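Notes for the structure review
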Amino acid sequence: MAHTETPGPETPHEATRRLDAIVIGAGLGGLRALHEFRSKGLSVAAFEAAPDLGGTWYWNRYPGARTDSESWTYAYAFSQELQDEWDWPERFATQADMYAYLCFAAEKHGWRDHIEFDTRVSAATFDETTNRWTITTQDGRQFSAQFLVTALGLLSRPYIPAFAGINDFQGDWFVTGRWPSEGADLAGKRVAVIGTGATGVQAVPLVAKVADHVSVFQRTPNFVLPARNYTLTDFEREQIRRDYDEIWAMARRHPLGYAFPRANRRRGDVTPEEHRQVLEAGWEAGGFRFLYETFDDITTDPEANAIASEFVREKIRAIVKDPATAELLCPKDHPLGSKRPPLGHFYYEAFNRENVEIVDVSREPISRITPRGITVGNVEHEVDVIIFATGFDAGSGSYDLIDIRGRGGQALREAWASGARTHLGLMAHAFPNMFMISGPQSPFGNIPVVVEAAVTWIGRCVERMRASSIDAIEPRRSAVREWHERLTKFANMTVLPQGTRSWMLGGNIPGKAPDVLFYFGGVGTYVKACDAALENDLADFHTGRVRDTAAV
Ligand code: NAP
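Before going into details, it helps to say that this report is about the structure given with it. (Residues numbered from 1 in each chain as written. Predicted model: local features only at pLDDT ≥ 70, side-chain atom pairs only at ≥ 80, totals over all residues. Heavy atoms only, no water.)

What follows concerns the overall build of the protein. Within the protein, the secondary structure is distributed over 16 helices and 20 strands. Relative to the 2.2 N^0.38 estimate, which gives 24 Å for 552 residues, the radius of gyration of the protein is 24 Å and therefore close to what a compact globule would have. Taking the principal axes of its C-alpha atoms as reference, the protein extends roughly 70 × 60 × 45 Å. A sequence separation of at least 24 residues applies to 72% of the contacts in the protein between residues at least 6 apart. In the structure as shown, the protein presents an accessible area of about 22,100 Å², 49% of it carried by carbon and sulfur atoms. Distance from the positive charge centre (59 side chains) to the negative charge centre (72 side chains) of the protein: 3 Å. (Helix = DSSP H or I, 4+ residues; strand = E, 2+ residues; numbered from the N terminus. Rg over C-alpha atoms; globule rule 2.2 N^0.38 Å. Contact = heavy atoms within 4.5 Å. Areas by Shrake-Rupley, 256 points an atom, 1.4 Å probe, with all protein chains shown as cover. Lys, Arg positive; Asp, Glu negative; His and termini not counted. Charge placed at Lys NZ, Arg CZ, Asp CG, Glu CD.)

Structural data, given as structure tokens:
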């Protein structure tokens, strides 16, 4: 397909509709990719549907939104300047801090001039005769590039269940993942929060502080670990700066990309009393340290898991004063870690407030939304505001929103109809020169560490292609099949398959083919696999001009 030249520049990229690389998305991953291409001297533009940068940290402005990774590790590792100059205020960064950080990084590295905001990409088509991608924006413009990078976000397409009567509701309703930038007036209102995943858990305590009444509609209780947030002192910030090399080295070695030391301890290594003490220490340490600094086998050994799961239930019973409410909040149908555990900022404590009630919808589902509220069974709960904290169509969900056509006009939507298939979560067979960041089948873990691994690989791959006069690359079918087998094997070694309706397995979206959406084998082994794929004479890939490989 030929690209269209237009007379006269209208936007920063009108004059350069032929680029080396196009990046879709200006969140944490897209910005990092933009930087990588620019630093290699390639022409690149990013296209972002939102009016501003930030991705997740632009859209998720709901009360309580903040990182669950420690702020100094939810950051870019590539820039010494950023590390030296940015001050993290708290252990867990708020949405506002994350957004400010990304703006600061963009300013420092001059990224904004290379981003088209308010620009949704509706289609991307690969042309085998030129080995180039052409993207079409929703307003009908076209741009072409040799490389296409999809940085669409792991959790960026909000999911709202198809509740009957949703359009009849006469109050205000909000979706956490599309929170209005002007904020929402919840003061003195009767508010319903539907959903008790990581998002609902963050929102409830803060909504309860301003609302007249909060009804939390819970279908599945989660194991909420205390975050134990705190303000960082100058001394701590200096220490972090001094130790940054070791912090990143530790994060890269850690299975989930966190800068935590390994527990190096398993259930049988300690007495029952010591076991309890270790769990207590992890609970006090806060955040995911409870999972990763206590016992290495919590998600793999059923007995170790049962002890830790019961430990959390005991904590819930100790915190929540009303025994019936405490029992409702205790997860009993899935083991700890089989669904992504939320971090709480006084979540269980919120249920001791007089203005917070739990509405159990585990047996009797929400039957409809009415003009005045939400009906469960025959009971109508009258509310002024509904907050949908009902999650995302993770991984592949955002890809379905773009008509992506690879070699031979193949549609990605069709290729992935029964589950996404990639090599290393980075590339898909029949979609040459398309690189994914935080896409399906990429490693599960601390996102910036995963992003850094992916972007570094993409940069090296592009360099390698240029040095070897390769103008198209795509993974072999066999490599894609093996990656899927590896993913499945790792997931099956853990409690993950027991997570009812887990977004990590695509189980939260009705009709979505259940599949393992992420690589749970560890960030360290992932980086090794990526290195091997480049060093192994590109044996996992077809390279050259695509017409040479069109028959594969
Ligand atoms: P989620 O974990 O998928 O939770 C969605 C919630 O909505 C669940 O409680 C679900 O119940 C409920 N729900 C869905 N459909 C329902 C229905 N028809 N009736 C009643 N309840 C319904 O989504 P999320 O809370 O947005 O979190 C998704 C992921 O985003 C997290 O796991 C995390 O990785 C990420 N996140 C990260 C942070 C952070 O790092 N700071 C913060 C927020 C989110 P069931 O469980 O019964 O399906």
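There's plenty left to go through after this.
Now for the site of the ligand. Of all residues adjacent to the ligand, which total 24 residues, the nearest are Arg-66, Thr-199, Arg-219, Thr-220 and Trp-503. Separating a nitrogen atom of the ligand from a side-chain N or O atom of Gln-202 is a distance of 3.2 Å. Burial of the ligand by the protein chains amounts to 88% of its free accessible area of 900 Å². Ranked by residue count, the leading element in the shell around the ligand is helix 5 (residues 198–210), at 3 residues. Across the shell around the ligand, the residue classes tally to 9 nonpolar, 9 polar and 6 charged. (Near = heavy atom within 4 Å. Polar contact = N/O pair within 3.5 Å; in protein donor to acceptor, adjacent residues only side chain to side chain. Nonpolar A, V, L, I, M, F, W, Y, C, P; charged D, E, K, R; others polar.)

Turning our eyes to something else, we now look at the packing of helix 1 (residues 28–39) against helix 4 (residues 95–109). In the contact formed by helix 1 and helix 4, the axes pass within 11 Å of each other and the chain directions differ by 10°. In terms of orientation, helix 1 lies roughly parallel with respect to helix 4. Counted together, Leu-28, Leu-31, His-35 and Arg-38 of helix 1 and Met-98, Leu-102 and His-109 of helix 4 form the full contact between these two elements. For the contact of helix 1 with helix 4, the class distribution of residues is 4 nonpolar, 2 polar and 1 charged. (Axes fitted to C-alpha atoms, helices over the stretch in contact; angles between N-to-C directions. Parallel < 35°, antiparallel > 145°, perpendicular 65-115°, else oblique.)

Here the focus is the nonpolar core. Core analysis: the biggest nonpolar cluster contains 133 residues, and Trp-88 and Trp-457 have the highest contact counts within it. Look past the residues within four positions of Trp-88 in its chain and what remains in contact with it is Ser-71, Trp-72, Tyr-74, Ala-75, Ala-93, Met-98, Tyr-101, Leu-232, Arg-237 and Tyr-244. In this structure, Ala-124, Phe-126, Ala-430 and Phe-431 belong to the second largest nonpolar core, which totals 25 residues. (Core = buried A, V, L, I, M, F, W, Y, C linked by side-chain atoms within 4.5 Å. Buried < 20%, exposed > 50% of the residue type's maximum accessible area, 1.4 Å probe, protein only.)

With parallel pairing, 5 strands are arranged side by side in an open sheet as 7-16-8-9-12. Of all strands in the sheet, those with a lone pairing partner are strand 7 (172–175) and strand 12 (356–360), marking the two edges. With direction set aside, neighbouring strand axes in the sheet form an average angle of 20°. (Pairing = 2+ DSSP bridges.)

What follows concerns helix 4. Helix length check: helix 4, at 15 residues, gives a terminal C-alpha distance of 21 Å against a target of 21 Å (1.5 Å per residue), a fit within 8%. Looking at helix 4, one finds that the buried residues are Gln-95, Asp-97, Met-98, Tyr-101, Leu-102, Cys-103, Ala-105, Ala-106 and His-109. Contact partners of the buried residues in helix 4: helix 1, helix 2 (56–59) and helix 3 (80–85). Note on helix 4: the residue one or two positions beyond its end, Gly-110, has a positive phi of about 65°. (Expected span 1.5 Å × (residues − 1).)

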